[in-house]
Amino acid sequence: INIKLSNDQSDESLLGLLDESIKLKEKIEDHEGKTKLLILYGEFFIKRDEAENAKQKFLEALDIANSIHLVDFISDANCGLGNCALIANDHNQAQEYFIDAALQAKVDDNIPNQYNAIYGILEVAKKNEDSRMINEFSDEIQSLFRKDPSRGHKFEHLITSLDACSIFSSEAKELIKLSKDI
């Protein structure tokens, strides 16, 4: 399904596949599998610029993930909801979702989810020119620098996001410098 999400050729067949897969997961009472499919469904709707439909899928996923304590999926769903709130220009709500995602990702030490949550936090900070948020999450950003020795595309995206914030935040500039020394 992940491969299909990047291919716009057969949206309707993908929607049908997701619907059938969710029904199957419900039938066999695979709540974790259903949650993952709902998150994929939400991501699909985001790619189609259907934020309201995406929000409904992420909310359903979050409800299930919370009820059975799926920390990774709680983080994923909160990131998705944060992106929906950003699309709706509701920066305060987006910030809340991304902070929740960051907290859940930290509990589980899920580095990809930590990156995604920090990207969202930095995006909100950039839109609001809010250096306070960068200061508040400076330790988490530094922790990611230390935890990710591969410094691949997620690291590069983080540096790009920090660079976009360096216009209004001296802390962002310091974090970029620090990233080179760790």
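This text goes with the structure placed above it.
A brief report on the enclosed structure follows.

Conventions used here
Each chain carries its own residue numbering, running from 1 in the written order of its sequence. At least 70 in pLDDT is required for a residue's local features to be given in this predicted model, at least 80 for side-chain atom pairs to be given and counted, and no such filter applies to totals for whole chains, interfaces and linings, which use all residues. The basis for every side-chain value is the complete set of heavy atoms in the structure, and neither hydrogens nor water enter the calculation. Residues belong to a common nonpolar core when they are buried Ala, Val, Leu, Ile, Met, Phe, Trp, Tyr or Cys residues joined through side-chain atoms within 4.5 Å. Three exposure classes are used, based on accessible area relative to the maximum for each residue type with a 1.4 Å probe and protein chains only: buried under 20%, partly exposed in between, and exposed over 50%. Note on contacts: a residue pair qualifies if any of its non-hydrogen atoms lie within 4.5 Å across the two residues. Each helix is a run of H or I in the DSSP string that is no shorter than four residues. Each strand is a run of E no shorter than two, and both are numbered from the N terminus. What the arc describes is the spread of directions from the helix axis to the C-beta atoms. Here a salt bridge means any side-chain nitrogen of Lys or Arg lying within 4 Å of a carboxyl oxygen belonging to Asp or Glu. Polar contact is the term for a pair of N or O atoms within 3.5 Å; when the atoms are in protein, one must be able to donate a hydrogen and the other to accept it, and sequence-neighboring residues count only if both atoms are side-chain atoms.

**Focus on the nonpolar core**
Then, number 1: Grouped together as the largest cluster of nonpolar side chains are 54 residues, with contacts concentrated most on I118, I121, L122, I141, F145, L158 and L162.
Then, number 2: I121 has contacts with F98, I99, A102, M133 and F137, leaving out every residue within four places of it along the chain.

**So, helix α9 (residues 138–147)**
Then, number 1: All buried positions along α9 are accounted for by S138, I141, Q142, L144 and F145. The arc enclosing the buried residues of α9, seen along the axis, measures out at 155°, which places them on a common side. The outward face of α9, more than 90 degrees from its buried face, is lined by the exposed residues D139 and R146.
Then, number 2: Taken together, the buried residues of α9 touch α7 (111–128), α8 (131–136), α10 (153–165) and α11 (170–181).

**Side note on the pattern of salt bridges**
Then, number 1: Under the defined criterion, the tally for this structure stands at 13 salt bridges.
Then, number 2: A salt bridge links K126 to E123, with the shortest nitrogen-to-oxygen separation between them at 3.4 Å. In this pair, K126 and E123 both sit in helix α7, 3 residues apart, roughly one turn of the helix.
Then, number 3: In this structure, a network of salt bridges that share partners links the residues E12, R48 and E50.

**Section: the side chain of Q114**
Then, number 1: By the element assignment, Q114 lies in helix α7.
Then, number 2: Polar side-chain contacts of Q114 include one of 3.3 Å to the backbone oxygen of A105.
Then, number 3: Within the structure, the side chain of Q114 is placed 3.3 Å from the side chain of K147, a separation counted as a polar contact.
Then, number 4: Residues contacting Q114, with those up to four places away along its chain left out, are A105, K106, D109, L144 and K147.

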